[in-house]
Amino acid sequence: MACLRARYAGPPSLWPAPAIDPGITWTEWARVPPVDAPPSSWMAANAGRAELASDIRKPEIVALGQMLFFDGHLSRKGQVSCASCHMPQRAFTDGRPLAVGEDRLMGRRRSPSLLAAPFAPRLFWDGRAGTLKAQVLGPVQDSREMNHDLGSAIARLQGLPPYPAQFLKAFGPAMRDVASASGSASTSGRDAVDSDRLARALAAYVATLRPQTSRFDAFLNGERNALNDTELRGMHLFRTQARCMNCHSGALLTDHQFHNIGLSFYGRRNQDLGRFEITRDPADLGKFRTPSLRNVSQAGPWMHNGLFADLKGLLRMYNAGMGREAAPADPPDPYAPRKSEHIRPLDLSADDIDALLAFMKVL
Ligand code: HEC
Ligand code: HEC
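The text that follows walks through the structure, step by step, so that each part is easy to find. As a convention, each chain's residues are numbered from 1 in the sequence order in which they are written. Chains carry letters from A onward and ligands carry numbers from 1 onward, assigned in written order. Residue-level local features of this predicted model are given only where pLDDT is at least 70; pairs of side-chain atoms are given and counted only at 80 or more, and the full residue set underlies all totals for whole chains, interfaces and linings. Remark: hydrogens and water are excluded; side-chain values derive from all non-hydrogen atoms of the structure.

**Quick word on helix H9 (residues 163-171)**
Stated precisely, the cut-off is as follows: The buried label goes to any residue with under 20% of its type's maximum accessible area, the exposed label to any with over 50%, and the partly exposed label to all in between, with areas taken from a 1.4 Å probe on protein chains only. Counting from the N terminus, the helices are the DSSP runs of H or I reaching at least four residues and the strands are the DSSP runs of E reaching at least two. The reported arc concerns the directions from the helix axis to the C-beta atoms and nothing else.
Within H9 the residues assigned to the buried category are Tyr163, Pro164, Phe167, Ala170 and Phe171. Down the axis, H9 shows its buried residues gathered within 135° of arc, on one side only. Backbone geometry just downstream of H9 places Gly172 in the positive-phi region, at approximately 80°.

Here it is, written out as structure tokens:
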């Protein structure tokens, strides 16, 4: 143990190399970039980031987005806010296997943690949205989420103090008011509320979300006793024999890529083909976006379908190399999802799994 601690005593660049398969691009773990210093890759990640990068520096816009995020008025009957499904104390998930929206209608997938969303080049489990701004109005209109039409949602906010004044403060008068310079409409702020600004405010708030810092950050910062022996052994296993670094790398412990780890339930009632449903590329069958593992112990039940209610069961499945996807067909079925070659049986002992579990709990 003393030997293992010594090997991880220096900065991550001097740590033992993780077990990474050929062809995988990975980045070392790091502290999560703070809101006021987004990394350059953040800007490159997708279009529309210039506006967002400037919006997140305006406290009035972020505060407005936060107010909206927690407000049930965005849903048709006022029952559901963004925070009903993305609860801050649960790493912005909701504790349910599948999301439940207005009138208790059940969604198809689990509400994901939002902690990777500020940095992800593509959003949703299947990557169907390219920017936060494009994403955030989706739930307002989704019949299984907030079930509202955008026009009525905007009209409601226009008549609901303090929103008109807050939109005015955050974004200034609407363009047409400036043009006409009539003055009366612009001071009421009614016209300052529109769907583009609603999306900008919500996106700005979501882009400021960061994981709760933990002893893992302290360890990354060079406090070599921040992890106990079991946790440190779990961390070592995560990076080596358990092969998790192939996909859960980088500051957020995700590669932001799509993989099929074998949970598509192909041919069964709860089949979900993930990324394929967007791209129609057979190579994407059964692929889902790698979730961040920051604050992961608060984010259960886990996976896109909430399949695992406890983390130990999930680790046992990884240890077994996940399940068999489907019996091979004769003739071969071109639409049968193929599990990632990076998912393999791991030969971990019960003690190893306990150590991995201890490590997951500090993240
Ligand atoms: C009824 C529950 C529910 C409500 C209400 C809800 N969401 Fe979600 N949210 C989900 C689910 C489920 C997904 C994943 C859907 C998928 O991937 O197909 C999701 C995905 C997201 C994502 C993508 C995260 C990522 O990393 O891919 C963001 C961002 C998000 N929601 C923000 C919001 C905002 C902002 C609101 C309020 C306007 C909101 N959500 C309301 C359930 C909900
Ligand atoms: C081939 C890439 C890959 C490897 C290797 C991998 N994962 Fe994952 N992991 C994923 C993907 C993709 C998902 C989401 C799959 C889904 O929902 O269907 C996921 C989901 C998870 C989740 C659930 C997170 C959540 O919020 O639902 C946990 C926990 C997890 N992985 C831990 C691990 C551990 C521990 C290892 C090593 C034993 C590991 N992963 C190895 C890609 C990978």
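So that's the structure; there's more coming.
**Some details on the coordination of the iron atom of ligand 2**
Six octahedral donors at a metal ideally form angles of 90 or 180 degrees, and four tetrahedral donors ideally form angles of 109.5 degrees. Stated precisely, the cut-off is as follows: Only nitrogen, oxygen and sulfur atoms qualify as donors, provided they sit within 2.8 Å of the metal or within 3.2 Å for Na, K and Ca; with water excluded from the atoms, sites may seem incomplete. Square planar and octahedral assignments, for four and six donors respectively, both demand that opposite donors be over 155 degrees apart and that all other angles lie between 65 and 115; tetrahedral needs four donors with all angles between 85 and 135 degrees, and anything else is irregular.
Looking at the metal site, the iron atom of ligand 2 is ligated by His248 (NE2) and Tyr318 (OH), spaced 1.9 to 2.1 Å from it. Viewed at the metal, the six donor atoms of the iron atom of ligand 2 are separated by angles of 86 to 179°, and the geometry they form is octahedral. Note that His248 is positioned in the loop between helix H14 (229-239) and strand E1 (258-259) and Tyr318 in helix H16 (residues 311-319), a separation of 70 residues in sequence. Overall, the relative accessible area of 21% leaves Tyr318 in the partly exposed class.

**Some words on the packing of H16 against helix H17 (residues 350-362)**
When two helices pack together, their arrangement is given by the angle between the helix axes and the distance between those axes. The test is simple: Whenever a helix is involved, its axis is fitted only over the stretch in contact; in every case the axis is a line through C-alpha atoms, and angles between N-to-C directions fall within 0 to 180 degrees. For classification purposes, angles smaller than 35 degrees are called roughly parallel, those larger than 145 roughly antiparallel, those between 65 and 115 roughly perpendicular, and all remaining angles oblique. What makes a crossing left-handed is the near helix being turned counterclockwise from the far one by less than a right angle; a clockwise turn instead makes it right-handed. Should any heavy atoms of two residues lie within 4.5 Å, those residues are counted as being in contact. Side-chain classes are defined by residue name, with Ala, Val, Leu, Ile, Met, Phe, Trp, Tyr, Cys and Pro counting as nonpolar, Asp, Glu, Lys and Arg as charged, and the others, Gly among them, as polar.
Put simply, H16 and H17 touch, their axes get as near as 10 Å, and they point 125° apart. When the interaxial angle is binned, H16 and H17 end up oblique. For the pair H16 and H17, the sense of crossing is right-handed. Where H16 abuts H17, its residues Leu311, Lys312, Leu315, Arg316 and Asn319 lie against Ile353, Asp354, Leu356, Leu357 and Met360. A breakdown of the residues in the contact of H16 with H17 according to their chemical character gives six nonpolar, one polar and three charged.

**Overview of the packing of helix H4 (residues 59-69) against H9**
Packing of H4 against H9 brings their axes to within 8 Å, and their N-to-C directions diverge by 150°. Considered as vectors, H4 and H9 are oriented roughly antiparallel to each other. Crossing hand, H4 versus H9: left-handed. Contacts from Glu60, Ile61, Leu64, Met67 and Leu68 in H4 reach Tyr163, Gln166, Phe167, Lys169, Ala170 and Phe171 in H9. Residue composition of the contact of H4 with H9, grouped by class: eight nonpolar, one polar and two charged.

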